[in-house]
Amino acid sequence: MGCAADCGRDDPAPLGRSVSFADGQVSPDQARIADALPALLGPTTRILHVGVGCSDLALRFAPRVARIDGVTIMPDERDVAEALGLPNYRVLTMDKHARAFAALPGPYDLLIDNNPGSFACCVKHFEYTMRRYRDLLAPGGRLLTEARGAAWRQAGGISLRWRHWAAEGRKLGLTAEHVDGTVWALRKDHA
């Protein structure tokens, strides 16, 4: 079954089953994004990580950047993040497709989402999230994903291939680029 055009709700309808990665698992797609990050980081870099899992990305890179904000729908993932006590890392429990996501402050130099359409309840909420991602990016900032994670979806979600990713970028006024191997970006050009 394909993704519905509109779920009919202001905030997203739950889609399928969510899996927590708080126990230390790191998906292969998330690992590939993390491996591509060092070339993109500097001491003033601000990161938004959507779907923080076990906070492996923050553990690896928080000492090298200005700030990492994260969001997750899993309370145990937030608890793991808070227990780390990293001074420049905070995690909020929220759905990236919900209206509350608009309250994130930004701007971010890097926005990481290894499953941008996988859990979308409908096209309307997916497009809302992608517009918000664009708005959260600083000039020159990048939205990062990975081919495997972008293609994977729960029943009803959105599977993205490179051509879909590039087309979404054009709709948003962002430039699609290959960062490293299977890691893709949508870059917000300088104003």
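What you see is a predicted model; the values in this text were computed from it and never measured.

Moving on, we come to the sheet that holds strand β4 (residues 108–112). Paired through backbone hydrogen bonds, the strands of a sheet run either parallel or antiparallel to each other. Overall, mixed pairing links the 7 strands, which are arranged β3-β2-β1-β4-β5-β7-β6 in an open sheet. The open sheet terminates on both sides in strands that have one partner only, identified here as β3 (89–93) and β6 (175–180). Along the sheet, successive strands turn relative to each other by an average axial angle of 20 degrees, direction set aside. As defined by bridge partners, strand β1 (residues 46–50) adjoins β4 across 3 bridges and the pair is classed as parallel. Paired with I47 across the strands is L110, a residue of β4. This element, helix α3 (residues 75–84), spans β2 (67–72) and β3 of the sheet and lies at about 160 degrees to β3. Across the sheet, helix α4 (residues 123–136) lies against β1, β4, β5 (137–146) and β7 (183–187), angled at about 135 degrees from β5, the strand it touches most.

Moving on, we get to the pairing of β1. Counting buried positions along β1 gives 4 out of 5 residues, so the element sits mostly inside the fold. Where β1 and β2 come together, 5 bridges link them in parallel fashion. Counted as the bridge partner of V50 is V71 from β2. Handedness of the β-α-β unit built from β1, helix α2 (residues 56–61) and β2 comes out right-handed.

All right, on to unusual backbone geometry then. Omega for the peptide link from G106 to P107 comes to -10 degrees, which places this bond in the cis form. You can see P107 is positioned in the loop between β3 and β4. The residue S55 is not glycine, and still its phi comes out positive at about 65 degrees. Note that S55 resides in the loop between β1 and α2.

Criteria and cut-off values
- Residues numbered from 1 in each chain as written.
- Predicted model: local features only at pLDDT ≥ 70, side-chain atom pairs only at ≥ 80, totals over all residues.
- Heavy atoms only, no water.
- Pairing = 2+ DSSP bridges.
- Helix = DSSP H or I, 4+ residues; strand = E, 2+ residues; numbered from the N terminus.
- Axes fitted to C-alpha atoms, helices over the stretch in contact; angles between N-to-C directions.
- Contact = heavy atoms within 4.5 Å.
- Buried < 20%, exposed > 50% of the residue type's maximum accessible area, 1.4 Å probe, protein only.
- Right-handed = clockwise from strand over helix to strand, strands pointing away.

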